[in-house]
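Summary of the model geometry
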Amino acid sequence: MNKNSLQLYFVAGTTNVGEKDFLAVLESALKGGITTFQLREKGEGALEGEALRELAEKCQKLCRDYKVPFIVNDNVELALEIDADGVHIGQEDGVIAEVRQKIGPNKILGVSTHSKVEALTASDAGANYIGVGPLFETKSKENAGEAVGPELVQEIVRELPGLPIVGIGGISERKAGTVIRNGASGVAVISAIAASDDVEEATRSIKGRITLALSGVEM
């Protein structure tokens, strides 16, 4: 997988955007420069069934228009049904090797990890990239667990230098550069974009921090 496509990874569902129009938020984020989008439709009031499928197809079309990979969280069947670019699973969402077998060798498989052992297991089982976190305290995910700190990214990079790593959990514009400087290929954000008053501008600002950090410029 191209590491550049993971630089600014937007994760969101309808429950993350409040009263805002979800597809309008996604398009603004795409305009602002996100490099991958993951549909994570979770929580009270989340869409299911045909409504979820319809939303997924609309998100997929927008992502294709902007040439950005479209990933489905957890729902392997939905990802296959609509031919999404890939699927992302957590530690409780199935056996990684079995998910890889279901989706085949050509789709993207991302796995959330919280330790070096989980990262090594995900790599061995065929993950194209791993999410590492939560790096900082976060309120965007229930039961996210204790913050592991960006230093864990450094440890995993030393063990798995070729595997793309995305930092996740409590990442603000200010913290994005720190995560990159610790060795991550990119950062995944939810509320820093979804809850912003100006989604496109917030996205551009975070992307700017990432670009500076990747170029070695200190902020």
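Residues numbered from 1 in each chain as written. Predicted model: local features only at pLDDT ≥ 70, side-chain atom pairs only at ≥ 80, totals over all residues. Heavy atoms only, no water.

1. Some remarks on the pairing of strand β4 (residues 86–89)
Here β4 shows no split at all, with Gly86 and His88 on one side and Val87 and Ile89 on the other all buried. Strand direction decides the pairing type here: strand β3 (residues 70–73) and β4, joined by three bridges, are parallel. Note that in β4 the partner of Val72 across the bridge is Val87. With respect to chirality, the unit in which β3 leads through helix α3 (residues 76–81) into the neighbouring parallel β4 is right-handed. Summarising the sheet, β4 and strand β5 (residues 108–113) pair through four bridges and their orientation is parallel. (Buried < 20%, exposed > 50% of the residue type's maximum accessible area, 1.4 Å probe, protein only. Helix = DSSP H or I, 4+ residues; strand = E, 2+ residues; numbered from the N terminus. Pairing = 2+ DSSP bridges. Right-handed = clockwise from strand over helix to strand, strands pointing away.)

2. Details of empty space enclosed by the protein
Under the defined criterion, the tally for this structure stands at one cavity of 30 Å³ or more. Lining of the largest cavity is provided by 12 residues; of these, Val11, Gln38, His88, Ile168 and Ala188 occupy positions nearest its centre. Of all the elements in the fold, those that place two or more residues in the lining of the largest cavity are β1 (8–12), β6 (129–132) and β7 (165–168). Here the residues of the lining of the largest cavity are counted per class, giving six nonpolar, five polar and one charged. (1 Å grid on protein atoms, 1.4 Å probe; cavity = no way out; pocket = protein on both sides within 12 Å on 5 of 7 lines; lining within 4 Å. Points joined across faces, edges and corners; volume = space filled by probe spheres on them. Nonpolar A, V, L, I, M, F, W, Y, C, P; charged D, E, K, R; others polar.)

3. Let's talk about the side chain of Gln60
Structurally, Gln60 is set in helix α2 (residues 49–65). Overall, Gln60 belongs to the buried group, its relative accessible area being 7%. Separated by 3.1 Å, the side chain of Gln60 and the backbone oxygen of Asp83 make a polar contact. In contact with Gln60, other than residues within four places in its own chain, are Phe70, Ile82, Asp83 and Ala84. (Polar contact = N/O pair within 3.5 Å; in protein donor to acceptor, adjacent residues only side chain to side chain. Contact = heavy atoms within 4.5 Å.)

4. So, helix α7 (residues 173–181)
Among all positions of α7, only Ala176, Gly177, Val179 and Ile180 are buried. End-on view of α7: buried residues confined to an arc of 160°, all on one side of the axis. Summarising the contacts, the buried residues of α7 are in contact with β7, β8 (186–189) and α9 (199–214). Gly183 occupies a position one or two residues after α7 and carries a positive phi of about 115°. (Arc of directions from axis to C-beta.)

5. Describing the pattern of salt bridges
Considering all chains together, one arrives at nine salt bridges under this definition. Between Asp74 and Lys42 there is a salt bridge; the shortest N-O distance is 2.5 Å. Placement of Asp74 in the loop between β3 and α3 and of Lys42 in the loop between β2 (36–39) and α2 is noted, with a sequence separation of 32 residues between them. Lys42 sits in the partly exposed class, given a relative accessible area of 31%. Arg209 is paired through a salt bridge with Glu173; the nearest N and O atoms lie 3.3 Å apart. (Salt bridge = Lys/Arg side-chain N within 4 Å of Asp/Glu carboxyl O.)

6. Quick notes on the packing of aromatic side chains
If you walk through the whole model with that rule in mind, you get four aromatic pairs. Judged by centre distance (5.6 Å) and plane angle (45°), the ring pair of Phe10 and Phe37 falls under tilted. Placement of Phe10 in strand β1 and of Phe37 in strand β2 is noted, with a sequence separation of 27 residues between them. Assessed through its relative accessible area of 0%, Phe10 is described here as buried. Residue Phe37 is classed as buried on the basis of its relative accessible area of 0%. An aromatic cluster is built from Phe10, Phe22, Phe37 and Phe70, whose rings are joined through pairwise contacts. The aromatic ring of Phe136 is capped on one face by Lys175, whose charged end is 4.5 Å from the ring centroid. (Phe/Tyr/Trp six-rings, centres within 6.5 Å; stacked < 30°, edge-to-face > 60°. Lys NZ or Arg CZ within 6 Å of the ring centre and 35° of its normal.)

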